[in-house]
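# Structural description and commentary
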2 protein chains.
Amino acid sequence: MKIYDFRLAPNPRRVRIFIAEKGVEMTYIQVDLFAGHNYHAEFLQKNPLGALPVLDFDDGTYLAESVAICRYFEGMYPEPPLMGINPKDAAFVEMWNRRMEFELFGPIGRAFQHSHPMFKDRIKQFPEFGATQREHALKRYEWLDSLLAQREFVAGDRYTIADITAQVAVDFGQEAAGVPLPPHARYIKRWHETVSARPSAKA
Amino acid sequence: MKIYDFRLAPNPRRVRIFIAEKGVEMTYIQVDLFAGHNYHAEFLQKNPLGALPVLDFDDGTYLAESVAICRYFEGMYPEPPLMGINPKDAAFVEMWNRRMEFELFGPIGRAFQHSHPMFKDRIKQFPEFGATQREHALKRYEWLDSLLAQREFVAGDRYTIADITAQVAVDFGQEAAGVPLPPHARYIKRWHETVSARPSAKA
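Quick caveat, the model's predicted, so the values are computed rather than measured.

Moving on to the sheet that holds strand β1 (residues 2-5) of chain B. Residue and element names in this part refer to chain B. Spatial ordering of the open sheet is given by β2-β1-β3-β4, a layout of four strands whose pairing is mixed. Bordering the open sheet on either side are β2 (27-30) and β4 (62-64), each of which pairs with just one other strand. Averaged over all pairs of adjacent strands, the angle between their axes in this sheet comes to 25 degrees, without regard to strand direction. Sheet contacts for helix α1 (residues 10-22): β1 and β2; angle to β1, the most-contacted strand, approximately 145 degrees.

Residue and element names in this part refer to chain B. Here helix α6 (residues 161-177) crosses helix α7 (residues 186-196) at 105 degrees, and the two axes come no closer than 11 Å. Judged by the inter-axis angle, α6 sits roughly perpendicular to α7. Along its contact with α6, which presents Asp163, Ala166, Gln167, Val170 and Asp171, the element α7 presents Trp191, His192, Val195 and Ser196. Residue classes in the contact of α6 with α7 are distributed as four nonpolar, three polar and two charged.

The subject of this paragraph is helix α4 (residues 87-113) of chain A. Residue and element names in this part refer to chain A. Where α4 bends most, at Glu101, the angle is about 35 degrees. Burial analysis of α4 places 22 of its 27 residues in the buried class, the great majority of the element. You can read the cap of α4 off the contacts: a side-chain oxygen lies 3.1 Å from the backbone nitrogen of Lys88, and it is on Asn86.

The two copies are related by a screw operation: chain B maps onto chain A through 180 degrees of rotation and 0.0 Å of translation along the axis, at an RMSD of 0.0 Å. Interpreted geometrically, this transformation is the action of a two-fold axis. A symmetric contact is evident, with 100% of the interface residues of chain B recurring at the interface of chain A.

Taken together, the contact pairs 37 residues of chain B with 37 residues of chain A. The junction of chain B with chain A conceals about 3,300 Å² of combined surface from both sides, 66% of it contributed by carbon and sulfur atoms. The interface formed by chain B and chain A holds eight salt bridges in total. Notably, a salt bridge pairs A:Lys124 with B:Glu128, separated by 3.0 Å at the nearest N-O pair. The tally of links from chain B across to chain A stands at twelve residue pairs in polar contact (both at pLDDT 80 or more). When contributions to the side of chain B that touches chain A are tallied by element, the ones reaching two or more residues are β4, α3 (66-76), α4 (87-113) and α5 (127-148) of chain B. Tallying contributions element by element places α4(B) first for the side of chain B that touches chain A, with 13 residues.

The rules behind the values
Residues numbered from 1 in each chain as written. Chains lettered and ligands numbered in written order. Predicted model: local features only at pLDDT ≥ 70, side-chain atom pairs only at ≥ 80, totals over all residues. Heavy atoms only, no water. Pairing = 2+ DSSP bridges. Helix = DSSP H or I, 4+ residues; strand = E, 2+ residues; numbered from the N terminus. Axes fitted to C-alpha atoms, helices over the stretch in contact; angles between N-to-C directions. Contact = heavy atoms within 4.5 Å. Parallel < 35°, antiparallel > 145°, perpendicular 65-115°, else oblique. Nonpolar A, V, L, I, M, F, W, Y, C, P; charged D, E, K, R; others polar. Bend = angle between axes of the 7 residues up to and from the residue. Buried < 20%, exposed > 50% of the residue type's maximum accessible area, 1.4 Å probe, protein only. Polar contact = N/O pair within 3.5 Å; in protein donor to acceptor, adjacent residues only side chain to side chain. Least-squares fit on C-alpha atoms with pLDDT ≥ 70 in both. Buried area = accessible area lost by both parts, 1.4 Å probe. Salt bridge = Lys/Arg side-chain N within 4 Å of Asp/Glu carboxyl O.

Nothing here speaks to function; it is geometry throughout.
Shown next, in the form of structure tokens:
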């Protein structure tokens, strides 16, 4: 079993952090997204959409989609639980993970794709649309800050996959996408220091 | 327990179909999205993002995000399984559900939002961006057609949540968003007739 990965892309990092939190050893194979190696025929046989990461079961089956890969490891290695401890809790963790995906990670990604030269030849860019996505994420940061004023982690009292998604979104926004945290977002900063101090942050 | 719903919106329909497939009785309360009632203060207390559907547990907790609501009912009512039967299968169902969400449902939704008068005062519309989203969905329909040439349902041999997401995407594309199925997509049409004949399609 191995995972096709790229150190500099945000989605593969979500899976690396998740697997590190589970304490699972994994082999990672680098696929250079910058050089477009994810569009080579050999890789497209593994994931026809050309996206990373991909889990290779070494039996001819390939699992794509970061959260689906996390779901597999959650099922195989239930401890520590990162996707909920009972049906109701699992549903709330999923709600928070999706909110982090759709309200932060997604808009930050689109802000990046519609402004960065790397995507100039890959998609039709609309920089003004990208700017609206940046604004959306900044507005949601205000909301997230008010939530983290009242609890330790994104989904409540325990660290979950929703923290991983938010962590990767924040770092990608700050380091690559031109969507830095608002300077006054003190509760997000407190939470970000906490999750960044976990060994998994370096995965 | 009740669900805040709107008959004419696609996301609430995903949950209604899922719950109908589970054979669960549910009370649905209509919130008129057209009239903007989802932005009234009373509703924003239930979901600050203003989105439908929302599951009201009648104990002061509210669960948003369609797939999170489905996850709750999957956990409480495991039969028939709609989200996988073991960890590996659950991961593959999640991959296919996400592919239907991110490659069809999402682009079709954005094609709608960036072209429909209903969204004129709600978002900054970029009709040309909407057109790229329409093209994206049409391209993915070619891919989906080639997949359904080889299997009965989206995720394989069994009906799952991935079929529900695809079904709602196809219907919303055809009926509202100006993204009809390509005329030659015969395998999608065969599949669509099958899922549309299930009693849950009218939920």
